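Structural description and commentary
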Amino acid sequence: MIEKRQNQVYLAAVGEFVERSFAAAGNRLVPLHLKRTVDWLRKLHPAADEALLVAGMAHDLERAFREEEVYARMFRSAGAFRDPAFLEYHQRRSAEITDAYLAARGCPAPMRTKIFHLINHHEVGGDPESDLLKDADSLSFFTTNVEMFVTVKTRESSPAKVRDKFAWMYERISSPTARRRCRSLYEAALARLDEFVAAGEPAETNGKESPP
Ligand SMILES: [Fe+2]
């Protein structure tokens, strides 16, 4: 019981840190995506421990401290949103920022180690809990991010790169249950993208950026 209460303290603290960090960056969408990731984690795995929930809440923290030149390079790269070097950078930097915050708050080392590992694998998974985080991230992505990707990211990269991002976010889901729940969200995202492209061909700017 004490352990649970302690962990809830870290979840609440990280939630506040997320709100503060993204507010300073002028970004309201990522905090919503992070909260929905926690919601999906609880739905997919009601026994999720607080370390897993903290990882869900913090997994994209790097985007509040974004290094613009890294993002510009990613948008121009052939792989764009799924560029392996970018994904590795994004996972690790989010893990490092979260870990520095938790260390300053006195979070116990075993919990910090677990959170670091989960965030550092949230794009690719590789073990049951990292896979859960990845699946919840995908479900949350289709719940919160589609409209922004369709209307903003198509211009920053291209419609083809956004379509590829949608396909990857769906296809990387490990759990058959999560994949089943995501199917209609994925299909709706593709339909929205088709509708947007049909209404007027977006320009390819390949690199100009805006949140998140
Ligand atoms: Fe995410």
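Everything numeric in this text was worked out from a predicted model, so none of it was measured.

The rules behind each value
- Residues numbered from 1 in each chain as written.
- Predicted model: local features only at pLDDT ≥ 70, side-chain atom pairs only at ≥ 80, totals over all residues.
- Axes fitted to C-alpha atoms, helices over the stretch in contact; angles between N-to-C directions.
- Helix = DSSP H or I, 4+ residues; strand = E, 2+ residues; numbered from the N terminus.
- Parallel < 35°, antiparallel > 145°, perpendicular 65-115°, else oblique.
- Left-handed = near helix turned anticlockwise from the far one by under 90°.
- Contact = placed C-beta atoms within 7 Å.
- Nonpolar A, V, L, I, M, F, W, Y, C, P; charged D, E, K, R; others polar.
- pLDDT = per-residue confidence, 0-100.
- Core = buried A, V, L, I, M, F, W, Y, C linked by C-beta atoms within 7 Å.
- Buried ≥ 20, exposed ≤ 12 C-beta atoms within 10 Å, placed from the backbone.

Regarding the packing of helix H2 (residues 29-44) against helix H7 (residues 128-144)
- Interaxial distance between H2 and H7 falls to 8 Å at its minimum, and their mutual angle equals 125°. In terms of orientation, H2 lies oblique with respect to H7. Considering the relative orientation of H2 and H7, their crossing is right-handed. On the side of H2, the interface is formed by Leu29, Leu32, His33, Arg36, Thr37, Trp40, Leu41 and Leu44, while H7 contributes Leu132, Leu133, Asp135, Ala136, Asp137, Leu139, Ser140, Phe141, Thr143 and Thr144.
- Residue composition of the contact of H2 with H7, grouped by class: ten nonpolar, five polar and three charged.

Let's talk about the confidence of the model for the protein chain
- With 91% of its residues at a pLDDT of 70 or more, the protein chain shows a mean pLDDT of 90.
- A low-confidence stretch, residues 1-6 (pLDDT under 50), is modelled with one contact involving residues beyond four sequence positions or located in other chains.
- Residue range residues 204-212 is modelled with pLDDT below 50. Its contacts to residues more than four positions away, or to other chains, number 23 contacts.

Notes on the nonpolar core
- In this structure, Val54 and Ala55 are the most contacted members of the largest nonpolar core, which totals 44 residues.
- When residues of this core are assigned to their parent elements, the largest contribution, seven residues, is made by helix H3 (residues 50-58).

A short note on the packing of H3 against helix H6 (residues 109-119)
- Where H3 meets H6, the axes come as close as 9 Å, and the angle between the chain directions of the two elements is 45°. Judged by the angle between their axes, H3 and H6 are oblique. Helix-helix and strand crossings are classified by hand; for H3 and H6 the assignment is right-handed. Mapping the contact onto sequence places Ala51, Leu52, Val54, Ala55 and Ala58 in H3 and Met111, Lys114, Ile115, Leu118 and Ile119 in H6.
- Its residues placed into classes, the contact of H3 with H6 shows nine nonpolar, no polar and one charged.

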